[in-house]
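Coordinate analysis (summary)
Below, each chain spelled out in residue letters.
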Amino acid sequence: MLNMIIITMTVGILLAAATTVVAGGNPDEVLLRTPRRYGYSMFSIGAVLDDQDSGTEIAMYTGLKAVAHNFQNITTMDIVKIPKANFANATNNVCELLKRGVVALISPLDPLIRQSVRMVAKQFHIPLIETHWDTDRSNARFAINVHPAHDAFGEAIFEYLSSYLKWTHVVLILADYGNIVKHTAWLNNFEGTLIIRTLGPDKLNWKPIIAELAATDSRNFLLDIPYWYAKDFLVL
């Protein structure tokens, strides 16, 4: 859910900024609703997405809708959806989007499709919004990631848990151990008792985890799991 909100906000900001540039005016002109001078009648933001990735698509259209009242009829989304198994053809799909005139790209969540999108964006210096946690710290000058840097994220969590909440006992629940990378900074500095549990690859481990925690006095939980699983932990 948080990912979708962040993507929506970022897409909205990108659309507003890009439209202002295309208009050839300054932000004051837009805010004052003075007549605009457009260099182009329409521009598009493109994406090649896994055909099961409805969240990113919804976020993109929500971002477009959020700014539509200021920039009507000049922004569009050009989305190509492909099966994960066809990731080898993603490069051709991205090139086709460029031929159709997209001015920026949204990076998909699927790592194999994402690699192709990133490669083409880097080759042609196309602005790229990345929607995954950058675990390899590979952000380039042409890309912006919607998530904070790991160190900044970890420091913020550490300050919140230690200085504000003053927790000395934390149960960290992850979707899988791959997510632990972004928690490294605060885990290395946390002084207290720490328990880590994961939902597992099939995400079916939540019931045993709830049963285990319900039998203890632990009530300090930090959840890094999909929101549709988080609601089940509210019983604790």
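These figures come from a predicted structure and were not determined experimentally. (Residues numbered from 1 in each chain as written. Predicted model: local features only at pLDDT ≥ 70, side-chain atom pairs only at ≥ 80, totals over all residues. Heavy atoms only, no water.)

**Some thoughts on the overall build of the chain**
Spelled out, the test is: Think of it this way: any DSSP run of H or I at least four residues long counts as a helix, any run of E at least two long counts as a strand, and we number them from the N terminus. Exposure categories follow from relative accessible area, calculated using a 1.4 Å probe and restricted to protein chains: below 20% of the type maximum is buried, above 50% is exposed, and the middle band is partly exposed. Surface exposure here means Shrake-Rupley accessible area, sampled with a 1.4 Å probe, where a residue is shielded only by the protein chains that are shown.
What the chain contains, in helices and strands, is nine helices and eight strands. Within the chain, the proportion of its 236 residues that are buried is 42%. Surface accessibility of the chain: about 13200 Å² in total, with carbon and sulfur atoms responsible for 58%.

**Here's the deal with the nonpolar core**
Where we set the bar: Buried residues of nine kinds, namely Ala, Val, Leu, Ile, Met, Phe, Trp, Tyr and Cys, make up a nonpolar core once their side-chain atoms join them within 4.5 Å. Note on contacts: a residue pair is in contact if any heavy atoms of the two residues lie within 4.5 Å.
Grouped together as the largest cluster of nonpolar side chains are 16 residues, with contacts concentrated most on Val48, Leu105, Val117 and Leu128. Looking at which element gives the most residues to this core, the answer is helix H5 (residues 111–124), with four residues. If sequence neighbours within four positions are ignored, Leu105 has contacts with Gly46, Val94, Leu97, Val117, Ala121, Ile126, Pro127, Leu128 and Ile129. Counting twelve residues, the second largest nonpolar core, distinct from the first, contains Val171, Ile173, Leu199 and Trp206.

**A short note on the sheet that holds strand S1 (residues 43–50)**
How we decide: Strand pairing follows a simple DSSP-based rule, namely that at least 2 bridges must link the two strands. Working convention: axes come from line fits to C-alpha atoms, limited for helices to the stretch in contact. Angles between N-to-C directions cover 0 to 180 degrees.
Strands sit in the order S2-S1-S3-S4-S5 across an open sheet of five strands; the sheet is parallel. At either margin of the open sheet sits one strand with a lone partner, and together these are strand S2 (75–82) and strand S5 (143–145). Neighbouring strand axes in the sheet, compared pairwise and without regard to direction, differ in orientation by 20 degrees on average. The pairing of strand S3 (residues 102–106) with strand S4 (residues 128–130) spans two bridges and is classified as parallel.

**Digging into the side chain of Asn145**
Rules: Two N or O atoms form a polar contact when they lie within 3.5 Å of each other; inside protein one atom must be a possible hydrogen donor and the other a possible acceptor, and for residues adjacent in sequence the pair counts only when both atoms belong to side chains.
Structurally, Asn145 is set in strand S5. Separated by 2.8 Å, the side chain of Asn145 and the backbone oxygen of His132 make a polar contact.

**Some remarks on helix H8 (residues 206–214)**
The condition is simple: This arc is taken over the directions from the axis of the helix to the C-beta atoms.
Those residues of H8 lying buried are Trp206, Ile209, Ile210 and Leu213. Viewed along the axis of H8, the buried residues span an arc of 100 degrees, placing them on a single side of the element. Seen from the buried face of H8, the exposed residues on the opposite side, beyond 90 degrees, are Lys207 and Ala211. Buried positions along H8 lie against strand S6 (169–174), strand S7 (193–198), strand S8 (221–224) and helix H9 (227–230).

**Structural notes on the packing of aromatic side chains**
When we look at a pair of aromatic rings, we describe it by the centre distance and by the angle of the planes. Condition: Only centres within 6.5 Å qualify two rings of Phe, Tyr or Trp (six-membered ring in Trp) as a pair; their planes then separate them into stacked at under 30 degrees, edge-to-face at over 60, and tilted for everything else.
Counted under the stated rule, the structure contains three aromatic pairs. Between Trp133 and Phe153, the ring centres sit 5.1 Å apart and the planes meet at 65 degrees, which makes this aromatic pair edge-to-face. With a gap of 20 residues between them, Trp133 in the loop between S4 and S5 and Phe153 in helix H6 (residues 150–164) connect regions that are remote in the sequence. For Phe153, a relative accessible area of 18% gives the class buried.

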